[in-house]
Amino acid sequence: MDDSPREACGVVGIYAPHDPVAHLNYLALYALQHRGQESAGIAVSDGENITVVKDMGLVATVFDDRTLATLDGCLGIGHTRYSTAGSSSWRNAQPVYRSTGDHQFVLGHNGNLTNTAKLAEETSILPGMVGSDSDLIAELLAIEISAMPPSSRSEGKVLERALERVLPRLEGAFSLVLADEKRVIGVRDPNGFRPLCLGRLDRGWVLASETPALDIVGAHFLRELAPGEMVVINGDGVRSIRPFPEEQVDPRLCIFEFVYFSRPDSVIYGQSVHHARVRMGELLAEQSPVDADLVMGVPESGLPAAEGFSRASGIPYGQGLVKNRYIGRTFIAPSQQMRSMGVRMKLNPLRDSIEGNRLVVVDDSIVRGTTTRALVTMLREAGAAEVHLRISSPPYRWPCYFGMDTGDRTELLAAHLTVAEMCDYVGADTLAFIDIDGLTEATGAVGAGFCNACLTGDYPVEVPVAPPVSMAAKVAPEDQPSLSLWATGVGEGVGPETGLEAAADG
């Protein structure tokens with residue numbers, strides 16, 4: 001079982017009347033597959049009608065040449081999903097489609113709203129009518145469109161006007177792509193928690209979560225959408241609208257986009273993600289040096305930081321783990337024995353590199369700790385003389401409410417244990433984390449604005465709060481360190497919401 005943080009979704013929107021829009025969406029989603037592996041969907045418009053195809057599974061499983069051939073259109077959007085607190089089902093696959101009278105639109109969402117239950121109550125939406133916060137946004141837009149007088153509907157800006165009324169009511173994280181019959185629209189929330197960028201085709205435009213999606217379709221990267229910005233793309237080009245009050249705009253991009261979520265070939269805040277991860281390793285070596293024989297990274301996101309650690313420390317860099325590239329980030333693991341085998345399904349040790357050596361093992365994060373403990377055990381069984389863990393992010397102590405699936409605080413190892421206790425639990429010889437200042441410096445974008453609430457507990461916006469769940473009820477006995485260790489901090493902080501608030505989507 002993968003213990004890494006999980007991001008919610010990848011979104012793409014394309015306006016290209018003279019190009020194969022469905023195929024371009026497919027390629028762009030392929031480049032964003034790492035952001036969501038549960039479901040995939042594409043919606044296209046031929047100028048009169050919108051057609052949606054979506055299903056559970058990977059992009060290459062949901063779509064083939066025959067399927068794409070049925071999606072004939074001049075514009076479209078795409079979505080690849082990883083559910084956070086929402087259910088994993090076809091119903092919650094995206095894009096979300098709505099038809100109100102003679103108007104149609106589709107929506108794809110990356111992020112989590114934090115006021116879903118409040119919005120549903122204010123709008124008198126009955127429980128069960130919507131399955132996720134993404135579904136709720138679409139319903140709010142449909143309600144606004146239905147309430148518009150006929151004179152407003154004739155302007156051709158129905159969806160645009162509805163967004164201007166609905167968006168200021170939303171709280172939390174939302175990078176959106178939408179389309180009606182004639183236009184594609186992109187939106188970033190006022191904090192810009194999740195990325196969204198704009199690219200130019202020879203005869204069209206592309207919106208995407210990350211720049212590699214632009215590269216794969218041959219689009220030239222223009223810029224990132226600003227926090228609080230909405231762009232409208234049609235035959236006249238691109239228009240920028242600011243639907244949020246200026247005082248509400250406060251850039252807070254999730255710092256884990258640099259640590260883990262984004263592809264290493266992505267560019268965020270004008271900085272190379274790969275270079276930032278190498279720099280994390282360099283600063284980690286400066287902050288927490290250790291005598292060792294070999295530096296190795298945990299594939300894939302730990303490899304650049306391991307390279308940087310080796311470069312700064314002078315300890316040779318080598319490959320110690322081989323990754324099975326044919327297994328996703330998650331798989332069915334019904335028992336603890338099977339969960340323990342999960343690491344061996346994904347990673348296999350190179351005994352010649354490991355046996356008899358003192359290892360520095362670099363990874364991006366420790367969340368629940370079960371995977372890390374299984375990894376250390378595997379390395380020792382392969383003959384490692386010592387295992388020194390170095391983590392390229394600070395201890396992960398607080399739950400995320402903005403689109404990252406890490407459970408509630410009772411499940412987070414660092415929320416309840418000191419670093420020394422964590423080291424003992426995972427079975428390493430030493431354990432050290434980069435500090436928050438070093439992580440921020442490594443991004444190369446100091447001062448640009450980050451959300452690091454999962455590391456510091458400093459939430460930039462109000463978050464839902466519910467009574468915490470007992471740790472004993474959440475963790476299997478064989479997964480638990482001593483109860484005396486878990487007692488520290490249990491009951492502090494915030495826990496998960498319930499009901500519709502938990503039906504968050506990506």
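Bear in mind the structure is a predicted one, so any value in this text is a computation, not a measurement.

Colleague: Where do I start with the pairing of strand β13 (residues 230-234) in this structure?
Modeller: A regular strand carries its side chains on alternate faces of the sheet. Counted residue by residue, β13 has five buried out of five residues, so it is predominantly covered. The alternating pattern of β13 places Met-230, Val-232 and Asn-234 on one face and Val-231 and Ile-233 on the opposite face, and all of these are buried. Taking the residues that link successive antiparallel strands as the turn, the β13-strand β14 (residues 237-241) hairpin has two residues.

Colleague: What is the right way to look at the nonpolar core in this model?
Modeller: Generally speaking, soluble globular proteins have nonpolar side chains that are buried together. Phe-256, Phe-258, Met-280, Phe-309, Val-360, Tyr-396 and Phe-402 are the most contacted members of the largest nonpolar core, which has 45 residues in total. Only β15 (253-254), α9 (256-261), α10 (273-287), α11 (303-313), β21 (358-363), α16 (436-443), β25 (450-451) and α17 (453-456) provide two or more residues apiece to this core. At six residues, the largest contribution of residues to this core is made by α10. For Met-280, the contacting residues outside a window of four places in its chain are Phe-258, Val-259, Ser-392, Ile-434, Leu-439 and Ala-442. Membership of the second largest hydrophobic core comes to 32 residues, among which are Val-96, Ala-120, Leu-178 and Val-187.

Colleague: Is there a simple way to think about the pairing of β14 in this case?
Modeller: When β13 meets β14, the two strands line up antiparallel, connected through five bridges. The partner of Ile-233 across the bridge, within β14, is Val-238.

Colleague: Whenever I open this one, the pattern of salt bridges confuses me. Can you help?
Modeller: Under the counting rule described, the total for this entry stands at 23 salt bridges. Note that Arg-203 is salt-bridged to Asp-19, the shortest N-O span being 3.2 Å. Pair noted here: Arg-203 is in the loop between β10 (197-201) and β11 (204-208) and Asp-19 is in the loop between β2 (9-15) and α1 (21-31), with a separation of 184 residues, a long-range link. Judged by its relative accessible area of 46%, Arg-203 is partly exposed.

Colleague: Looking at this structure, I do not really get the sheet that holds β14. What am I missing?
Modeller: Across the sheet, which stays open at both edges, the six strands sit in the order β6-β7-β8-β9-β13-β14 with antiparallel pairing between neighbours. With partners counted over all chains shown, the strands left at the sheet margins are β6 (96-100) and β14, one partner each. Between one strand and the next, the sheet's axes are offset by a mean angle of 20°, whatever the strand orientation. Note: β6 against strand β7 (residues 103-110), five bridges, orientation antiparallel. Opposite Tyr-97, over in β7, you have Val-106 as the bridge partner.

Colleague: Looking at this model, I keep getting lost on unusual backbone geometry. Mind explaining?
Modeller: Across the chain, the bulk of peptide bonds are trans and the bulk of non-glycine residues have phi less than zero. Cis geometry marks the peptide bond from Gln-94 to Pro-95; its omega dihedral reads 10°. Looking at the secondary structure, you find Pro-95 in the loop between β5 (75-81) and β6. The peptide bond linking Pro-299 to Glu-300 adopts the cis configuration, its omega dihedral lying at 0°.

Colleague: Looking at this structure, how should I read α1?
Modeller: Since there are 3.6 residues in each turn of an α-helix, residues three or four apart along the chain are aligned in direction. With eight of its eleven residues buried, α1 lies for the most part within the structure. Residues of α1 that are buried: Val-21, Ala-22, Leu-24, Asn-25, Tyr-26, Ala-28, Leu-29 and Ala-31.

Colleague: Sorry if this is basic, but what is going on with a nonpolar patch on the surface here?
Modeller: A surface patch of nonpolar side chains, amounting to about 260 Å² of accessible area, comprises Leu-27, Tyr-30 and Ile-216. Residue placement: Leu-27 occurs in helix α1. Overall, the relative accessible area of 33% leaves Leu-27 in the partly exposed class.

Colleague: Could you clarify how one ought to interpret the packing of aromatic side chains in this entry?
Modeller: Any aromatic ring pair is given by two values, namely how distant the centres are and how the planes are angled relative to each other. According to the stated counting rule, one finds ten aromatic pairs in the structure shown. A ring pair is formed by Phe-258 and Phe-450, whose centres lie 5.9 Å apart and whose planes are at 75°; its orientation type is edge-to-face. Residue Phe-258 is found in helix α9, and its partner Phe-450 is found in strand β25; the two are separated by 192 residues along the sequence. For the pair Phe-258 and Phe-450, one class covers both residues: buried. Here a set of aromatic residues connected by ring pairs shows up, and it is made of Phe-193, Tyr-401, Phe-402 and Tyr-459.

Colleague: So what exactly am I meant to see when it comes to the confidence of the model for the protein here?
Modeller: Note: predicted coordinates in regions of low pLDDT should not be interpreted at a detailed level. Taken over all residues, the pLDDT of the protein has a mean of 86, while the share at 70 or more is 83%. Every residue in residues 329-336 scores below 50 in pLDDT, and together they form 17 contacts with partners more than four places removed in sequence or on other chains. Predicted confidence is poor over residues 466-504, with pLDDT under 50, and the contacts of this stretch with residues over four places away or in other chains come to 84 contacts.

Colleague: I would appreciate a short explanation of the environment of Leu-159 in the present structure.
Modeller: By the secondary structure assignment, Leu-159 is in helix α7 (residues 158-166). In this view, Leu-159 contacts Phe-105, Leu-141, Leu-178, Ala-179, Asp-180 and Ile-185; residues no more than four positions away in its chain are not counted.

Colleague: Please explain the packing of helix α5 (residues 133-147) against α7 as it appears in this structure.
Modeller: To characterise two packed helices, one gives the angle between the axes of the helices and the distance between these axes. Following both chains from N to C, one finds α5 and α7 inclined at 115°, their axes separated by 9 Å at the closest point. Handedness of the crossing formed by α5 with α7: right-handed. Packed against α5, whose contacting residues are Leu-140, Leu-141, Glu-144 and Ile-145, the element α7 presents Val-158, Leu-159, Ala-162, Leu-163, Arg-165 and Val-166 at the interface. By residue class, the composition of the contact of α5 with α7 is eight nonpolar, no polar and two charged.

Colleague: Explain the packing of α10 against α11 to me, please; I cannot follow it from the model alone.
Modeller: Direction vectors running N to C along α10 and α11 enclose 45°, while the axes themselves pass 6 Å from each other. As far as their axial angle goes, α11 and α10 are oblique. Here α10 and α11 pass one another in a crossing that is right-handed. Of the residues in α11, those in contact with His-274, Arg-277, Val-278, Gly-281, Glu-282, Leu-284 and Ala-285 of α10 are Pro-304, Ala-305, Glu-307, Gly-308, Phe-309, Arg-311, Ala-312 and Ser-313. Looking at the contact of α10 with α11, its residues break down into seven nonpolar, four polar and four charged.

Rules of the game
Along every chain, residues carry numbers that run from 1 in the direction the sequence is written. Per-residue local features of the predicted model are confined to residues with pLDDT of at least 70, and side-chain atom pairs are confined, for both listing and counting, to 80 or more; whole-chain, interface and lining totals are unaffected and use all residues. In computing side-chain properties, one takes all heavy atoms of the structure into account and sets aside hydrogens as well as water. In this scheme, a residue with accessible area under 20% of its type's maximum is buried, one over 50% is exposed, and one in between is partly exposed, where area comes from a 1.4 Å probe on protein chains only. In DSSP terms, a helix is any run of H or I states spanning at least four residues, a strand is any run of E spanning at least two, and both are numbered starting from the N terminus. For two strands to be treated as a pair, DSSP must find at least two bridges joining them. For the purposes of this section, nonpolar cores are sets of buried Ala, Val, Leu, Ile, Met, Phe, Trp, Tyr and Cys residues that join through side-chain atoms within 4.5 Å. By definition in these notes, contact holds between two residues if any of their heavy atoms fall within 4.5 Å. In the sections that follow, a salt bridge refers to a side-chain nitrogen of Lys or Arg positioned within 4 Å of a carboxyl oxygen of Asp or Glu. Each axis is a line fitted through C-alpha atoms, and for a helix only the stretch in contact is used; angles between axes span 0 to 180 degrees, taken between their N-to-C directions. The patch calculation keeps residues exceeding 30% relative accessible area without a salt bridge and links them within 9 Å when they carry like charges or within 5 Å when they are nonpolar (Val, Leu, Ile, Met, Phe, Trp, Tyr). A 1.4 Å probe and the Shrake-Rupley method give the accessible areas. Residues count as covered only by the protein chains that appear here. For this analysis, a ring pair means two rings from Phe, Tyr or Trp (six-membered ring only for Trp) whose centres lie within 6.5 Å, classed as stacked if their planes differ by under 30 degrees, edge-to-face if by over 60, and tilted for the remaining angles. Across the chain, each position has a pLDDT score giving the predictor's confidence in that residue, from 0 to 100. Helix crossings are classified by the rotation of the near helix relative to the far one: an anticlockwise turn of less than a right angle makes the crossing left-handed, while a clockwise turn makes it right-handed. Each residue gets one of three labels, nonpolar for Ala, Val, Leu, Ile, Met, Phe, Trp, Tyr, Cys and Pro, charged for Asp, Glu, Lys and Arg, and polar for the others, Gly among them. Under this scheme an angle from 65 to 115 degrees is roughly perpendicular, one under 35 degrees roughly parallel, and one over 145 degrees roughly antiparallel; angles in between are oblique.

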